[in-house]
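Listed here are the chains, written in short residue letters.
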Amino acid sequence: MKVRIRKLNKKSKRELSIGALFLVIATAGYLLGWTNLFTVKEISVYGSPNTQITNQILQIAGVVKGEKLARVEPRSINSKMQSAGFDWVKEVEVSRNWFSRTVNIKLTTRSAVARLGGTDEYLDNEGARFKIPKELIPSKGVQELVLISAANPNNQRAAVDFYRSLPSDFKSELKGIAASSSSNFEVSVNNIKKDSGVLRINWGSATDNALKVKIYRALIALPENSKITTMDLSDPNSPTVK
């Protein structure tokens, strides 16, 4: 007796492939979500300044060893971290490593470019204000950071943008920047003509910065300006000193 081998048509092959795919997905879902094969073995935190803050971050994240790795939601942890009040953290990246069964929490911290006048806060290069753990204070010292005085976030961001636009050699001489608006600035520099004291410069808008620096250097070099305390460069075509 001959046995007929029935060939599968295209429809049957497709149905068989779909069934196999569903079986694989269901098996993977069961292994990941309901067995102890993929559970959290380790939680690592990168970018934390000390053990105390690391423990706080682990508590906020709420991930525990032995938890099903598939049930760890990176977006949920990210949301918790963003609302936890760590304003010195710029970005939180959460990932799961299925091979090592590790949950990695990586913190990207803000870098202070200026102190914010009248507060114990700092500004980063985007103008965001934040407090900073002492372990993250810049090594060159906070007193060497330029002091920015601005009444609202818009002016604070504008002042930081203005500061960043200045020539590097001039930025190193600055003591402070006062922003009365987002387009009007006064800068303070050490008065090199006097043993002590500060020279205040009405800068005006953040335009013609290189030209204004050049005029400042030319004016301060004149012997007759050895005792000046103020300079007005708001109109670089008509600078004045007092």
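Our structure is the block above this text.
Remember, it's a predicted structure, so these values are computed and weren't measured experimentally.

Conventions and cut-offs
- Residues numbered from 1 in each chain as written.
- Predicted model: local features only at pLDDT ≥ 70, side-chain atom pairs only at ≥ 80, totals over all residues.
- Heavy atoms only, no water.
- Pairing = 2+ DSSP bridges.
- Helix = DSSP H or I, 4+ residues; strand = E, 2+ residues; numbered from the N terminus.
- Axes fitted to C-alpha atoms, helices over the stretch in contact; angles between N-to-C directions.
- Contact = heavy atoms within 4.5 Å.
- Polar contact = N/O pair within 3.5 Å; in protein donor to acceptor, adjacent residues only side chain to side chain.
- Buried < 20%, exposed > 50% of the residue type's maximum accessible area, 1.4 Å probe, protein only.
- Parallel < 35°, antiparallel > 145°, perpendicular 65-115°, else oblique.
- Left-handed = near helix turned anticlockwise from the far one by under 90°.
- Nonpolar A, V, L, I, M, F, W, Y, C, P; charged D, E, K, R; others polar.
- Expected span 1.5 Å × (residues − 1).

**Re the sheet that holds strand S1 (residues 42-46)**
Strands sit in the order S1-S3-S2 across an open sheet of three strands; the sheet is mixed. If you trace the sheet from one side to the other, it starts and ends with S1 and strand S2 (89-97), each paired once. Averaged over all pairs of adjacent strands, the angle between strand axes in this sheet comes to 15°, irrespective of strand direction. Bridge count for S2 against strand S3 (residues 102-109) is eight bridges, and the pairing is antiparallel. Each bridged residue has a counterpart across the sheet, and for glutamate 93 the counterpart in S3 is lysine 106. Strands in contact with helix H3 (residues 74-82) are S2 and S3; relative to S2, the strand with the most contacts, it is inclined by about 155°.

**A closer look at the sheet that holds strand S12 (residues 240-241)**
Judged by pairing direction, the sheet is mixed, and its nine strands sit side by side in the order S6-S5-S4-S7-S8-S9-S10-S11-S12 without closing on themselves. Edge positions in the open sheet fall to strand S6 (129-130) and S12, since each of these has one partner strand only. Relative to strand S10 (residues 198-204), strand S9 (residues 184-190) runs antiparallel, the two sharing six bridges. Within the sheet, the bridge partner assigned to valine 187 lies in S10 and is isoleucine 201. Packing against the sheet, helix H4 (residues 153-165) makes contact with strand S4 (114-116), strand S5 (122-123), S6, strand S7 (146-150), strand S8 (174-181), S9 and S10, and its axis sits at approximately 135° to S8.

**Structural notes on the side chain of aspartate 124**
Following the sequence through the fold, aspartate 124 ends up in the loop between S5 and S6. At 2.7 Å, the side chain of aspartate 124 and the side chain of arginine 110 are in polar contact. Contacts of aspartate 124, omitting those with residues within four sequence positions, involve Arg110, Ser111, Val113, Phe130 and Val160.

**What to know about unusual backbone geometry**
Residue arginine 101 is not a glycine yet carries a positive backbone phi of 60°. Inspection of the secondary structure puts arginine 101 in the loop between S2 and S3. Taking the relative accessible area as the measure of exposure, arginine 101 reaches 26% and is therefore partly exposed. With a phi angle near 55°, aspartate 208 is a residue other than glycine that sits in the positive phi range. Looking at where aspartate 208 falls in the secondary structure, it is placed in the loop between S10 and helix H6 (209-220). Judged by its relative accessible area of 45%, aspartate 208 falls in the partly exposed class.

**Re the packing of helix H2 (residues 51-61) against H3**
Between H2 and H3, whose axes approach to 9 Å, the crossing angle comes to 125°. Taken as axis vectors, H2 and H3 run oblique relative to one another. Crossing handedness for the pair H2 and H3: right-handed. Packed against H2, whose contacting residues are Ile57, Ile60 and Ala61, the element H3 presents Ile77, Lys80 and Met81 at the interface. Here the residues of the contact of H2 with H3 are counted per class, giving five nonpolar, no polar and one charged.

**A few points about the pairing of S8**
The sheet contact formed by S7 and S8 spans four bridges and is parallel. For leucine 147, the partnering residue across the bridge sits in S8 and is glycine 176. Pairing between S8 and S9: six bridges, direction antiparallel. For alanine 178, the partnering residue across the bridge sits in S9 and is glutamate 186. Linking two consecutive strands that pair antiparallel, namely S8 and S9, is a turn of two residues.

**Comments concerning H4**
For H4, built from 13 residues, the straight-helix expectation of 18 Å at 1.5 Å per residue is met to within 8% by its first-to-last C-alpha distance of 18 Å. Buried within H4 we find Asn155, Gln156, Ala158, Ala159, Val160, Phe162 and Tyr163. The N-capping residue of H4, defined by a side-chain oxygen 3.1 Å from the backbone nitrogen of asparagine 154, is asparagine 152.

**Topic: the side chain of asparagine 209**
Among the secondary structure elements, asparagine 209 is positioned in helix H6. Residue asparagine 209 is classed as buried on the basis of its relative accessible area, which comes to 9%. Residue contacts for asparagine 209: discarding those within four places in its chain leaves Phe162, Ser165, Leu166 and Trp203.

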